[in-house]
Amino acid sequence: MTAIPPRLQQDVPLAPFTTIGIGGPARFFVRATDEDEVAGALRWARESATPLFILGGGSNLVISDAGFPGLVLRVEIRGISVGENGSDEVSVAAGEEWDPFVAEMIRRHLAGVECLSGIPGFVGGTPIQNVGAYGQEVSETIVNVRAIDVEEGRVRTFTNAECGFGYRDSLFKSVLKGRYLILSVTFGFQRQTKARVRYPDLERELERRGSSNDLQSVRDAVISVRRTKGMVLDSEDPDTRSDGSFFTNPIIPNELVPAFREAALKSGVARDARIPIFPAGEHSSKLSAAWLIEQAGFEKGMRYENVGLSSKHTLAIINRGGGTALQVLELVRMIQDRVRAQFGMELVPEPTFVGF
């Protein structure tokens, strides 16, 4: 029998490890600070037939009120390795915090993730969700991902193409969900002082500030915009006790756009000029999940028992204090049902659900 992992704990509350502050206990809990500890914990889980969940920064997660009846492995491997001989590739351990890493890249004049400033969580979670914001996605700069097979213990390196990136999606979130634990991510940056700004909210904020599009100014503007939406962690702001944007923006084929537009106009909630529809590739369009939620009758700041919607942004479901996972699920279903009934659109949650 494999040795019990060092620092194995039992009945550890998981809510403090999540940004929404909700979740029951883990039956077993291990913090792994290097790859050997990760491999040892995985072997123990396999050989003891213990269910496994990999925990990172807890920023895109809803854990059930009953918790998780197995091993929760928190990956806390640290380290940043900058390429030598003028290379602009940077390898980052999965347990590094994302936003400090972004700040460090900007300090080094390495462009490619500046619009992803202010996002909570660990680096290891970014390829799974293909984290994106303000016109940027991590898939644009990821060179490869090193991961360990949780079933066989073998380490494999995935190229960018092999990761199967899509809108808020990847192979690790879909086909290979739960199969691989990410150990490190290698990014390829451009060495420059200016950023490409492709998002209207960001352009307006830079103009309001009288700032140029240098990397630091763009970071500052992104954090400012995110703060107005309650999307920057702040212990003094109850609107930030959330999972960030809870629903992805629906992507629909262009041929379905006329039917959606007609349904929106018939509902009487919108004029044609006010319906937000954006290009999403050559054959698809993106709808605004926030707009759909608002037009379905959900207002900023609405309350449902001990949870509710942020007073700054209808896409964020927040814990108002004492909230439960059950209450979150009930509110999610209310929103989905009403949007489906009114617009025929299915809103898909972005967080991972654990222990349900």
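Scroll up a little and you will see the structure.
Residues numbered from 1 in each chain as written. Predicted model: local features only at pLDDT ≥ 70, side-chain atom pairs only at ≥ 80, totals over all residues. Heavy atoms only, no water.

Caption draft 1: Structural detail: the sheet that holds strand β16 (residues 251–253). Taken together, three strands build an open sheet; the order of strands is β16-β18-β17 and the sheet is antiparallel. Where the open sheet ends on each side, the last strands, each with one partner, are β16 and β17 (277–279). Geometrically, the sheet is characterised by an average inter-axis angle of 40° between neighbouring strands, direction not taken into account. (Pairing = 2+ DSSP bridges. Helix = DSSP H or I, 4+ residues; strand = E, 2+ residues; numbered from the N terminus. Axes fitted to C-alpha atoms, helices over the stretch in contact; angles between N-to-C directions.)

Caption draft 2: Representation of the layout of surface pockets within the structure. The volume enclosed by the second largest pocket comes to roughly 400 Å³. In terms of lining, the second largest pocket is formed by 23 residues, of which the most central are Thr 19, Glu 97, Pro 120, Gly 121 and Leu 233. Of all the elements in the fold, those that place two or more residues in the lining of the second largest pocket are α2 (98–107) and α5 (215–228). The element that contributes the greatest number of residues to the lining of the second largest pocket is α2, accounting for three residues. Taken together, the residues of the lining of the second largest pocket sort by class into 10 nonpolar, seven polar and six charged. (1 Å grid on protein atoms, 1.4 Å probe; cavity = no way out; pocket = protein on both sides within 12 Å on 5 of 7 lines; lining within 4 Å. Points joined across faces, edges and corners; volume = space filled by probe spheres on them. Nonpolar A, V, L, I, M, F, W, Y, C, P; charged D, E, K, R; others polar.)

Caption draft 3: Main features of the packing of helix α4 (residues 200–209) against α5. The contact between α4 and α5 brings their axes to 9 Å, and the two run at 110°. It follows that α4 is roughly perpendicular to α5 by the angle criterion. The way α4 lies across α5 gives a crossing that is right-handed. Here Asp 201, Leu 202, Glu 205, Leu 206, Arg 208 and Arg 209 of α4 lie close against α5, whose contacting residues are Ser 217, Val 218, Asp 220, Ala 221, Val 222, Ser 224 and Val 225. (Parallel < 35°, antiparallel > 145°, perpendicular 65-115°, else oblique. Left-handed = near helix turned anticlockwise from the far one by under 90°. Contact = heavy atoms within 4.5 Å.)

Caption draft 4: Local environment of the sheet that holds strand β15 (residues 242–245). One open sheet accounts for four strands, arranged β15-β21-β20-β19; its pairing is antiparallel. Looking at strand neighbours, the two that pair on one side only are β15 and β19 (303–304), the edges of this open sheet.

Caption draft 5: Molecular detail of the pairing of strand β11 (residues 142–149). A large share of β11 lies buried, amounting to six of its eight residues. Pairing of β11 with strand β13 (residues 180–188) involves seven bridges; the strand directions are antiparallel. Residue pairing in the sheet places Ala 147 in a bridge with Ile 182 of β13. One ladder, built from five bridges, connects β11 with strand β12 (residues 155–159); its direction is antiparallel. Looking across to β12, one finds that Val 145 is bridged to Phe 158. If you look at the hairpin formed by β11 and β12, you'll find five residues sitting between the two strands, and Gly 153 has a positive phi there, around 80°. (Buried < 20%, exposed > 50% of the residue type's maximum accessible area, 1.4 Å probe, protein only.)

Caption draft 6: Local environment of α2. Taken together, the buried positions of α2 are occupied by Trp 98, Asp 99, Phe 101, Val 102, Met 105 and Ile 106. Projection of α2 onto a plane perpendicular to its axis shows the buried side chains occupying an angular sector of 155°, all on one side. Those residues of α2 that are buried are in contact with β6 (80–82), β7 (89–93), β8 (110–111), α3 (126–129), β13 and α5. The positive-phi residue at the C-terminal boundary of α2 is His 109, with phi of around 60°. (Arc of directions from axis to C-beta.)

These values are about where atoms sit, not about what they do.
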